[in-house]
Amino acid sequence: MTTTPDENAAIDTRLAVVEVQVTAVQEGQRQIMARLDVIEQANNARFDALNGRIDRLFYTILALGIAAIGTLIALDKVL
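These numbers were taken from a predicted model, which means no experiment stands behind them. (Residues numbered from 1 in each chain as written. Predicted model: local features only at pLDDT ≥ 70, side-chain atom pairs only at ≥ 80, totals over all residues. Heavy atoms only, no water.)

Undergrad: Describe the overall build of the protein chain, and please don't skip the residues or the numbers.
TA: Scanning the protein chain from terminus to terminus reveals 1 helix and 0 strands. What you see for the protein chain is a C-alpha radius of gyration of 34 Å, clearly larger than the 12 Å of a compact globule of 79 residues, by over 25%. By principal-axis analysis of the C-alpha atoms, the protein chain measures approximately 110 × 20 × 5 Å. A burial count over the protein chain gives 0% of its 79 residues as buried. Within the structure as shown, the protein chain displays about 7,300 Å² of accessible surface, and the carbon and sulfur contribution to it stands at 66%. The protein chain carries 7 positive and 10 negative side-chain charges, and their two centres are separated by 17 Å. (Helix = DSSP H or I, 4+ residues; strand = E, 2+ residues; numbered from the N terminus. Rg over C-alpha atoms; globule rule 2.2 N^0.38 Å. Buried < 20%, exposed > 50% of the residue type's maximum accessible area, 1.4 Å probe, protein only. Areas by Shrake-Rupley, 256 points an atom, 1.4 Å probe, with all protein chains shown as cover. Lys, Arg positive; Asp, Glu negative; His and termini not counted. Charge placed at Lys NZ, Arg CZ, Asp CG, Glu CD.)

Undergrad: I'd like to hear about the environment of Arg30, residue by residue, with values.
TA: Its location among the elements puts Arg30 in helix H1 (residues 5-78). Within the local environment of Arg30, its side chain forms a polar contact with the side chain of Glu27, the two groups lying 2.7 Å apart. (Polar contact = N/O pair within 3.5 Å; in protein donor to acceptor, adjacent residues only side chain to side chain.)

Undergrad: Which residues make up a nonpolar patch on the surface, and what values do they have?
TA: On the surface, Ile32, Met33, Leu36 and Ile39 cluster together into a nonpolar patch covering about 380 Å² of accessible area. On the secondary structure map, Ile32 appears in helix H1. For Ile32, a relative accessible area of 53% corresponds to the exposed category. (Patch = residues over 30% accessible without salt bridge, like charges linked within 9 Å, V, L, I, M, F, W, Y side chains within 5 Å. Salt bridge = Lys/Arg side-chain N within 4 Å of Asp/Glu carboxyl O.)

Undergrad: Tell me about the packing of aromatic side chains, and please be specific about residues and values.
TA: In total, this model carries 1 aromatic pair according to the counting rule given. Aromatic side chains Phe58 and Tyr59 sit 5.0 Å apart centroid to centroid with 70° between the ring planes, which places their arrangement in the edge-to-face category. For Phe58, a relative accessible area of 48% translates into the label partly exposed. Looking at Tyr59, the relative accessible area reads 52%, which means it is exposed. (Phe/Tyr/Trp six-rings, centres within 6.5 Å; stacked < 30°, edge-to-face > 60°.)

Undergrad: Go over the pattern of salt bridges, please, and point to the residues and values.
TA: If you walk through the whole model with that rule in mind, you get 1 salt bridge. Glu27 is paired through a salt bridge with Arg30; the nearest N and O atoms lie 2.7 Å apart. Taken as a pair, Glu27 and Arg30 lie in helix H1 at a separation of 3 residues, close to a single helical turn. For Arg30, a relative accessible area of 48% translates into the label partly exposed.

Don't take any of this as a statement about function, it's just geometry.
The structure is reproduced here in structure tokens:
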């Protein structure tokens with residue numbers, strides 16, 4: 001099967017269009033991946049901040065409990 005010069009030109013044109021479209025799709029994918037990375041980093045920062053707050057809350061409650069026990073022991077010895 002032989003192709004004519006006109007058919008070759010049409011094939012080359014379609015191939016060039018497909019190559020441009022593939023490049024556009026790849027650029028879109030790159031932008032989506034970059035956006036997902038930004039979202040992931042933001043979520044990680046939020047979870048890290050939340051974990052820090054939970055840790056501080058835990059240690060505050062622990063310290064208050066120990067202080068209360070110490071106060072009770074001190075009051076028991078005084079009274």
